[in-house]
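Residue strings, one per chain:
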Amino acid sequence: MKEGVWEQYATELGSRLRQARAVRGLSQERIAHEAGLAAFTYQKLEKGESRPGAPANPTLRTLVSLAAVLDVSLADLLPDIPDALTD
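From a predicted model like this one, the values you see are computed outputs, not experimental measurements. (Residues numbered from 1 in each chain as written. Predicted model: local features only at pLDDT ≥ 70, side-chain atom pairs only at ≥ 80, totals over all residues. Heavy atoms only, no water.)

Side note on the confidence of the model for the chain
Part 1: The predicted model of the chain averages 92 in pLDDT, with 98% of residues at 70 or higher.
Part 2: The least confident element of the chain is helix α6 (residues 83-86), whose mean pLDDT is 74; the most confident is helix α2 (residues 28-35), at 98. (pLDDT = per-residue confidence, 0-100. Helix = DSSP H or I, 4+ residues; strand = E, 2+ residues; numbered from the N terminus.)

Right, dumping it as C-alpha cells:
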C-alpha cells in the first residue's frame, strides 16, 4: 500500500513543479539548467517518476535548488505528508 502512496505523493510533487514553472513562464529546459539538472531529469520529476514504474525520489539538494529557481518555498513545493506514510 505504501508504494501506491509514494506514487501519489511523487505525482503531486510533479504537479506542483509544473504549476510553479507555469507561473514563472519558463520551459522545463530553463528550469533544469538553472537548477543544475539535466532536462530529462527535470522532465521525469514533473511526471512524478525517476524511471518507468518507479516514483520520483529527488535529493534534498535537488528540491532546494528547484524551490530557489522557481521562487517558491520548499514547504509550498512539497505536498502534505499522507497519513499512510506516518503509520
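Topic: the nonpolar core
Part 1: Judged by nonpolar contacts, the single largest core of 18 residues is most densely connected at L17, I31, L66, L70 and L77.
Part 2: Secondary structure elements with two or more residues in this core: α1 (2-24), α2, α3 (39-47) and α4 (60-70).
Part 3: Broken down by element, the residue count for this core peaks at five residues, all from α4.
Part 4: Excluding anything up to four places from it in sequence, L77 contacts L13, R16, L17, L63, L66, A67, L70 and V72. (Core = buried A, V, L, I, M, F, W, Y, C linked by side-chain atoms within 4.5 Å. Buried < 20%, exposed > 50% of the residue type's maximum accessible area, 1.4 Å probe, protein only. Contact = heavy atoms within 4.5 Å.)

Side note on the side chain of E46
Part 1: The residue E46 is located in helix α3 in this model.
Part 2: Engagement of the side chain of E46 in a polar contact is seen with the side chain of Q28, the distance being 2.8 Å.
Part 3: If we skip the residues at most four places from it in the chain, E46 touches G14, S15, L17, R18, R21 and Q28. (Polar contact = N/O pair within 3.5 Å; in protein donor to acceptor, adjacent residues only side chain to side chain.)

Brief notes about the environment of D76
Part 1: Tracing the chain through its elements places D76 in helix α5 (residues 74-77).
Part 2: Between the C-alpha atoms of D76 and N57, which are 19 residues apart in sequence, the distance is 17 Å.

Here we look at the pattern of salt bridges
Part 1: Applying the stated criterion to the full structure yields four salt bridges.
Part 2: We note a salt bridge from E34 to R30, for which the minimum N-O separation is 2.6 Å. In this pair, E34 and R30 both sit in helix α2, four residues apart, roughly one turn of the helix.
Part 3: Since its relative accessible area comes to 44%, R30 is described here as partly exposed.
Part 4: Of the charged contacts, one joins E49 and K44 as a salt bridge, the two residues approaching to 2.7 Å between their closest N and O atoms.
Part 5: For E49, a relative accessible area of 26% gives the class partly exposed. (Salt bridge = Lys/Arg side-chain N within 4 Å of Asp/Glu carboxyl O.)

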